[in-house]
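Below are the chains, spelled out letter by letter.
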Amino acid sequence: MEKHYAVIGHPIEHSLSPKMHKAGYEALGIVAEYHRFNVEPSHLPGAVEGLCALGFSGWNVTIPHKEHIISLLDTLTPQAKRAGAVNTVKIQEGQRIGHNTDGDGFVRSVEGELNGFKGKKAVLLGAGGASKGIALALAEQGMKVHILNRKPERAEALVQVIQREGGTATAGVLAPGSWLEDVDLLVQTTSVGLHGEAFPFSVQGISDRALVVDIIFNPSETAFLHEAKQLGCRTLNGLDMLLYQGAYAWEFWLGGQAPVEAMRQALKDELLQQMFK
Ligand code: ATR
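Fair warning: this is a prediction, and the values are worked out from it, not measured in the lab.

Chemist: What am I meant to see in empty space enclosed by the protein here?
Modeler: By rolling a water-sized probe across the atoms, one finds the places where empty space is left. Inspection of the entire model under this criterion finds one cavity of 30 Å³ or more. What the largest cavity holds in volume is close to 40 Å³. Secondary structure elements with two or more residues in the lining of the largest cavity: helix H3 (78-83) and helix H4 (102-114). A total of three residues in the lining of the largest cavity trace back to one element, the largest contributor, which is H3. Grouping the constituent residues of the lining of the largest cavity by class yields one nonpolar, four polar and two charged.

Chemist: It is not clear to me how the site of the ligand should be interpreted in this structure. Could you clarify?
Modeler: With respect to spatial proximity, 13 residues lie near the ligand, and among them Ala127, Asn149, Arg150, Lys151 and Arg154 are the closest. One of the backbone nitrogen or oxygen atoms of Ala127 is found 2.9 Å away from an oxygen atom of the ligand. A distance of 2.8 Å is found between an oxygen atom of the ligand and a side-chain nitrogen or oxygen belonging to Arg154. In isolation the ligand offers 650 Å² of accessible surface; the protein chains occlude 70% of this area.

Chemist: Honestly, helix H6 (residues 152-164) in this entry has me stumped. Any pointers?
Modeler: Quick reminder: α-helices carry 3.6 residues per turn. Residues three or four places apart thus point the same way. In this model, H6 (13 residues) spans 19 Å end to end at C-alpha, consistent with the 18 Å of a helix rising 1.5 Å per residue. Within H6, burial applies to Ala155, Leu158, Val159, Val161 and Ile162. Buried residues of H6, viewed axially, fall in a sector of 160 degrees; they line one side. The outward face of H6, more than 90 degrees from its buried face, is lined by the exposed residues Glu153 and Arg164. Following H6 by one or two positions, Gly166 has its phi on the positive side, about 95 degrees.

Chemist: Explain the environment of Val192 here, please?
Modeler: In this fold, Val192 is placed in the loop between strand S10 (185-188) and strand S11 (211-214). On the basis of relative accessibility, which here comes to 24%, the residue Val192 falls in the partly exposed class. Spatially, the C-alpha atom of Val192 lies 9.8 Å from that of Gly126, the residues being 66 residues apart in sequence. When residues no more than four places from it in sequence are discounted, the contact partners of Val192 are Glu197, Ala198, Phe199, Pro200 and Ile216.

What counts, and where the lines are drawn
- Every chain begins its residue count from 1, and numbering advances along the sequence as written.
- A pLDDT threshold of at least 70 governs which residues receive local features in this predicted model, and a stricter bar of 80 or more applies before side-chain atom pairs are shown or counted, although totals over entire chains, interfaces and linings include all residues.
- For the side-chain quantities, the full set of heavy atoms in the structure was used; hydrogens and water were omitted.
- A pocket, in this scheme, is an open set of points on a 1 Å grid over the protein atoms alone with protein on both sides within 12 Å along at least 5 of 7 lines, while a cavity is a set where a 1.4 Å probe fits but cannot get out; residues line either one if an atom lies within 4 Å of a point.
- Grid points are joined across faces, edges and corners, and a volume is the space filled by probe spheres set on the points.
- Under the DSSP-based scheme used, a helix requires at least four consecutive residues in state H or I and a strand at least two consecutive residues in state E, with every element numbered from the N terminus.
- Polar here means any residue outside two lists: the nonpolar Ala, Val, Leu, Ile, Met, Phe, Trp, Tyr, Cys and Pro, and the charged Asp, Glu, Lys and Arg; Gly therefore counts as polar.
- For this description, a residue counts as near a given molecule or strand if any of its non-hydrogen atoms is within 4 Å of it.
- The definition of a polar contact used here is a pair of N or O atoms within 3.5 Å, where within protein one atom must be able to donate a hydrogen and the other to accept one, and adjacent residues in sequence count solely through side-chain atom pairs.
- The Shrake-Rupley method, run with a 1.4 Å probe sphere, supplies the accessible areas, and residue values consider only the shown protein chains as cover.
- Here the expected span of a helix is defined as 1.5 Å times the quantity of residues minus one.
- Type-normalised accessible area, obtained with a 1.4 Å probe on protein chains alone, sets the label of each residue: buried when under 20%, exposed when over 50%, and partly exposed for intermediate values.
- Note: the arc covers the axis-to-C-beta directions of the helix.
- In this analysis, two residues are considered to be in contact whenever any of their non-hydrogen atoms come within 4.5 Å of each other.

So this is what it looks like as structure tokens:
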């Protein structure tokens, strides 16, 4: 029987997930459909009931529903519990299971470049929802995590969450400092750069061993990433994080191995198409 999946969010028009998942079904000859639904916050409970009633096998969840959906689910996986947020739901024997693949997706996107995590230093710029998932996953891999945020109390709060989970973390204000000379992985998780804006400070003086990541993928190179590249750092945008969170969601739903290369190509094609719309 044909399976149905979806992504729900608000707004959702620019989601690349449908093209990525459909390319995956095609590559492996899986009979399934992947839909995209714009769900306003006040309609979230009704939408979840509707998806269940319509026999959907699972769905992805994006902004602004990742936290609010938790109270509408039956159980959470350890990853979802840890992040306090859900990006993937699976319906199994009538049970609504909430999972989170964002953190593990990020880890997989950088592991090839980083050559081991344990004891290495990660600096995260920003302390919002995206930062939280990444910070917890990196701390779980044994990295020392330093979180810098414009409102330092949010960074402090995130440090406490990480420490409660047994990780090593410290907090600071969003500013350059001696951390630049001793960083293995620098991750930009704020929304600064989405519209071409410059980052609030320069990363001049950054260690040349640093891998620098901006989780923004459109534009493909933010001013922040551009500067890091000019300074000789290896750089990565957020497209691989999107790819691997999708691949893990796929595997959570369907088992086996997601056809990552087909999914990556679909993401690139769709991004190009959206650029010329
Ligand atoms: P998300 O879930 O996408 O991370 P969020 O929870 O709203 O979104 O968090 C946005 C992050 O971007 C926060 O760290 C925010 O900093 P504050 O907590 O100090 O608000 C950061 N951010 C957004 N705009 C910023 C700006 N112009 N300069 C610096 N940080 C900014």
